[in-house]
Amino acid sequence: QGPRAMPASPLLGVTHACFGLSYGVALLLEVAHAFWPRRAVRLAGVGFGAAGLLAHTAFLLYHHPTPAEPYGSLLLLAWVLAFFYLGGTLRSSRRASAVFVLPVVLGLVVLSLALLPPADSAAAAPLDLPAWFGGERLLGAVHGVLILLASVGISVAFTASLMYLVQARRLRRKTSPSRGVKLLSLERLEGMNRRALNAAFPLLTAGVLLGTMLLRHGHAPADNWLSLKVVSTAGLWVVFLVLLYMRYAVHVRGTRLAGLSVLAFALLLVALGAAHPFVPGVGP
């Protein structure tokens with residue numbers, strides 16, 4: 001069975017374009033501010049970022065997409081990251097993380113649009129709350145929330161890793177810190193990566209265990225254990241184990257850990273974008 005079918009609406013693409021373009025303009029202004037630091041440029045960037053987050057929030061409230069749907073999980077993850085981006089920017093105008101977070105947000109929005117079911121629309125069906133608070137659906141909702149929270153941690157680790165790799169390259173080339181985007185020290189970026197992964201791993205583990213309990217019985221292995229969703233999620237968990245082993249057992253630091261964090265984020269995108277094998281009404 002495919003994704004839920006809802007009446008088509010021409011406003012759906014416009015809504016995606018609304019917050020997607022707002023994030024895109026905010027990114028351009030943040031890059032411009034990094035090389036041409038002017039208060040007006042920063043304020044304009046924050047304004048477009050806030051407008052994008054507002055439109056994004058309205059879209060989610062109206063459509064209430066479920067994390068079980070690939071486009072829904074990507075949009076929800078993009079919303080959480082956009083919220084953190086805007087909050088961090090308002091707290092400290094000197095942070096350069098927006099230049100790295102906004103491309104991730106924008107990429108998730110574009111990917112969610114590419115995975116949007118053809119019949120999905122802006123006219124959402126009423127949310128049946130009593131049906132969701134019962135048995136398997138409640139467990140499925142908890143599973144989705146755990147995976148979403150773990151995804152936030154992985155995304156933060158990915159962003160910190162990108163900044164780490166850029167900063168390490170700049171230091172090797174002895175680039176002046178006053179040139180270009182101002183980044184945190186390697187120690188602080190590594191600490192950010194470590195905290196994000198430490199928080200994400202137990203959430204991912206709990207989500208995987210709960211998801212295993214929800215696998216359909218009586219279905220072919222290709223529909224359960226060998227589905228792309230399950231295999232990529234299992235691969236992501238294994239990469240996490242390797243990351244933790246390298247960090248705490250053999251005390252590996254630096255670019256190798258950052259590279260593995262990038263790999264973990266790539267696997268996360270595959271897992272989120274794959275069809276769900278065991279949620280009723282979603283996936284095969």
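Up top is the structure.
Structural notes, computed from the coordinates. These numbers were taken from a predicted model, which means no experiment stands behind them.

Regarding the packing of aromatic side chains
For step 1, the next point in the chain: Scanning all chains against the criterion turns up 7 aromatic pairs.
For step 2, the next point in the chain: When the ring of Phe201 is compared with that of Phe240, the centres are 5.8 Å apart and the planes differ by 25 degrees; the resulting orientation is stacked. On the criterion of sequence distance, the pair formed by Phe201 in helix H7 (residues 186-213) and Phe240 in helix H8 (residues 228-248) is long-range, its members being 39 residues apart. Accessibility classification places Phe201 together with Phe240 in one group, the buried group.

Some points on the side chain of Ser161
For step 1, the next point in the chain: Its location among the elements puts Ser161 in helix H6 (residues 135-172).
For step 2, the next point in the chain: Reaching out from Ser161, the side chain makes a polar contact with the side chain of Asn193 at a distance of 2.7 Å.
For step 3, the next point in the chain: Side-chain polar atoms of Ser161 contact the side chain of Ser261, separated by 3.4 Å.
For step 4, the next point in the chain: If sequence neighbours within four positions are ignored, Ser161 has contacts with Asn193, Ala258, Ser261 and Val262.

Side note on helix H4 (residues 98-114)
For step 1, the next point in the chain: Counted at 1.5 Å a residue, the expected span for H4 with its 17 residues is 24 Å, and the 24 Å between its end C-alpha atoms agrees.
For step 2, the next point in the chain: The complete set of buried residues in H4 reads Ala98, Val99, Phe100, Val101, Leu102, Val104, Val105, Leu108, Val109 and Ser112.

Cut-off values and rules
- Residues numbered from 1 in each chain as written.
- Predicted model: local features only at pLDDT ≥ 70, side-chain atom pairs only at ≥ 80, totals over all residues.
- Heavy atoms only, no water.
- Phe/Tyr/Trp six-rings, centres within 6.5 Å; stacked < 30°, edge-to-face > 60°.
- Helix = DSSP H or I, 4+ residues; strand = E, 2+ residues; numbered from the N terminus.
- Buried < 20%, exposed > 50% of the residue type's maximum accessible area, 1.4 Å probe, protein only.
- Polar contact = N/O pair within 3.5 Å; in protein donor to acceptor, adjacent residues only side chain to side chain.
- Contact = heavy atoms within 4.5 Å.
- Expected span 1.5 Å × (residues − 1).

Without other data, these values stay purely geometric and don't point to any function.
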